Amino acid sequence: MRPNDRFGSNSEVRAHNLEVRFPFKNRYQAGLQGPKGANFGLHPVVDKTIELLAQAGSPAALIALGINLFRFEVKAEKLTVVSMCALKLAAMPAIAFVLAKLLNLPPLAAGVVVLLAAMPTGANAYIFAVQYQRLVNPVSGAVALGTLLAAATLPVVVVIVAGS
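What you see is a predicted model, and the numbers here were worked out from it, not measured in a lab.

(A) Representation of the environment of Thr80 in the model. You can see Thr80 is positioned in helix α4 (residues 78-102). Accessibility expressed as a relative area gives 30% for Thr80, which makes it partly exposed. Sequence separation of Thr80 and Ala142 is 62 residues, and the distance between their C-alpha atoms is 8.5 Å.

Here's what the structure looks like:
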């Protein structure tokens, strides 16, 4: 008799554990789920509306970033933007590469770590800058310039990581 015969296969045990930990399909349904078989969910129109609103967060942030870039003046913030991009696109991947070698990570894990470190500054940095009203213009410039420069730096990082 195998150890899991009393409880079913390993996958059944894992599926049961997941059901106990996460009994709800969505957070907003947590108070609306009844016992098994009874579904007291939201009306389909309300459910779809909430789902669509949840998906609009990232595009809304990118639109706000684009509007801010439209009125962004590069002259005063050029050194700050270039410094941010250099740190994010060159220094961070280099530090990640050295740490991956020092920690003897497997090649696949090291490659993932270095590539993630080499990604350009994202819209989340802009969201935080706006929320705290700190360096909004340089961060929005770094997001734009970093995204453009990443088209050239990411292939270089891939070649370096693949060669090591």
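Having seen the structure, we can now continue with the description.
(B) Local environment of the side chain of Ser140. On the secondary structure map, Ser140 appears in helix α7 (residues 136-163). A polar contact of 2.9 Å, which involves the side chain of Ser140, links it to the backbone oxygen of Asn137.

(C) Structural view of the nonpolar core. Counting nine residues, the largest nonpolar core is built from Leu89, Ala96, Val114, Ala117, Ala118, Ala150, Leu154, Val157 and Val161. Sort the elements by how many residues they give to this core and α7 lands first, with four residues. In this structure Val157 touches Val114, Leu115 and Ala118, once residues within four positions along its chain are discounted. Formed by six residues, the second largest nonpolar core is a distinct cluster that contains Leu65, Val136, Val139 and Val143.

(D) Broad picture of the pattern of salt bridges. With the rule as written, the count across this model stands at one salt bridge. One salt bridge in this structure joins Glu51 and Lys48, with 4.0 Å as the shortest N-O distance. Of this pair, Glu51 and Lys48 are both found in helix α2 (residues 44-55), three residues apart, which corresponds to roughly one turn of the helix. According to the relative accessible area criterion, Lys48 is partly exposed, its value standing at 43%.

About the cut-offs
Residues numbered from 1 in each chain as written. Predicted model: local features only at pLDDT ≥ 70, side-chain atom pairs only at ≥ 80, totals over all residues. Heavy atoms only, no water. Helix = DSSP H or I, 4+ residues; strand = E, 2+ residues; numbered from the N terminus. Buried < 20%, exposed > 50% of the residue type's maximum accessible area, 1.4 Å probe, protein only. Polar contact = N/O pair within 3.5 Å; in protein donor to acceptor, adjacent residues only side chain to side chain. Core = buried A, V, L, I, M, F, W, Y, C linked by side-chain atoms within 4.5 Å. Contact = heavy atoms within 4.5 Å. Salt bridge = Lys/Arg side-chain N within 4 Å of Asp/Glu carboxyl O.

Don't take any of this as a statement about function, it's just geometry.
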